[in-house]
Amino acid sequence: MSDAVTRSRIGSMTYLAPSMALVAADAVDAVDNAIGECIAQHQVSIVLDLGKVPLLSGRALEMMTRAANRLGALGGWLKLAYPSPLLLDILNVTGVSEKVALYDAPQTPAKA
């Protein structure tokens, strides 16, 4: 795994924290590979910390959606934590926030 993605365990969750923009192919691949390594070790509940990620590419958004689907099929999940206001806007406008959960996001009340 690349040094650009820190991995740690918090209880049953695996916490991945990339420290670069997820725009270049190698940066997106580093996160994708880290998720693949987690899956190989049966770690399927993953929090992806976006706190140090200044920008996302379309490829990164696709990778996150694909990873969330794969983890869901294995009985786990991918949640995104600490996106900046810009990243949150990108996630909302592209619809990724509807497919990949936000960690500790307030739940929207059900409409009657």
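Here the structure is shown first, and the text comes after it.
Overview of the structure. (Residues numbered from 1 in each chain as written. Predicted model: local features only at pLDDT ≥ 70, side-chain atom pairs only at ≥ 80, totals over all residues. Heavy atoms only, no water.)

## Section: helix 3 (residues 85–94)
Along an α-helix, residues three or four positions apart point the same way, because every turn accommodates 3.6 residues.
Then comes step 1: Residues of helix 3 that are buried include every one of Leu87, Ile90 and Leu91, and no others. Around the axis of helix 3, the buried residues are gathered within 95 degrees of arc, so they sit on the same side. Facing away from the buried surface of helix 3 by more than 90 degrees, the exposed residues are Pro85 and Val93.
Then comes step 2: Packing partners of the buried residues in helix 3 comprise helix 2 (58–73), strand 4 (77–81), helix 4 (96–99) and strand 5 (101–102).
Then comes step 3: Trailing helix 3 by a residue or two, glycine 95 shows a phi angle of about 85 degrees, which is positive. (Buried < 20%, exposed > 50% of the residue type's maximum accessible area, 1.4 Å probe, protein only. Helix = DSSP H or I, 4+ residues; strand = E, 2+ residues; numbered from the N terminus. Arc of directions from axis to C-beta. Contact = heavy atoms within 4.5 Å.)

## A word on helix 2
Then comes step 1: For helix 2, with 16 residues, the first-to-last C-alpha span of 23 Å sits near the 22 Å given by 1.5 Å per residue.
Then comes step 2: Burial in helix 2 covers these residues: Ala60, Leu61, Met63, Met64, Thr65, Ala67, Ala68 and Leu71.
Then comes step 3: Looking at the buried positions of helix 2, the neighbouring elements they touch are helix 1 (25–40), strand 3 (45–49), strand 4, helix 3 and helix 4.
Then comes step 4: At the exit of helix 2 stands glycine 75, carrying a positive phi of roughly 90 degrees. (Expected span 1.5 Å × (residues − 1).)

## Things to note about the sheet that holds strand 2 (residues 13–18)
Then comes step 1: Taken together, five strands build an open sheet; the order of strands is 1-2-3-4-5 and the sheet is mixed. Pairing within the sheet leaves two strands with one partner each, and these edge strands are strand 1 (5–10) and strand 5.
Then comes step 2: Across three bridges, the pairing between strand 2 and strand 3 is parallel. Paired with leucine 16 across the two strands is leucine 48, which belongs to strand 3.
Then comes step 3: This element, helix 1, spans strand 1, strand 2 and strand 3 of the sheet and lies at about 30 degrees to strand 1.
Then comes step 4: Relative to the sheet, helix 2 contacts strand 3 and strand 4, its axis offset from that of strand 4 by approximately 140 degrees. (Pairing = 2+ DSSP bridges. Axes fitted to C-alpha atoms, helices over the stretch in contact; angles between N-to-C directions.)

## Remarks on unusual backbone geometry
Then comes step 1: If you check the backbone angles, histidine 42 has positive phi at about 60 degrees while not being a glycine.
Then comes step 2: Structurally, histidine 42 is set in the loop between helix 1 and strand 3.
Then comes step 3: By relative accessible area, which is 72% here, histidine 42 ends up exposed.
Then comes step 4: Although it is not a glycine, tyrosine 82 adopts a positive phi angle of roughly 55 degrees.

## Quick notes on the pairing of strand 1
Then comes step 1: Pairing geometry for strand 1 and strand 2, over six bridges, is antiparallel. Bridge assignment links isoleucine 10 to a residue of strand 2, and that residue is methionine 13.
Then comes step 2: The turn linking strand 1 back onto strand 2 is made up of two residues, and glycine 11 within it adopts a positive phi angle of 65 degrees.

## Section: a nonpolar patch on the surface
Then comes step 1: Among the surface-exposed residues, Val23, Leu55 and Leu86 lie close enough to one another that they form a single nonpolar patch of about 240 Å² accessible area.
Then comes step 2: Looking at the secondary structure, you find valine 23 in the loop between strand 2 and helix 1. (Patch = residues over 30% accessible without salt bridge, like charges linked within 9 Å, V, L, I, M, F, W, Y side chains within 5 Å. Areas by Shrake-Rupley, 256 points an atom, 1.4 Å probe, with all protein chains shown as cover. Salt bridge = Lys/Arg side-chain N within 4 Å of Asp/Glu carboxyl O.)

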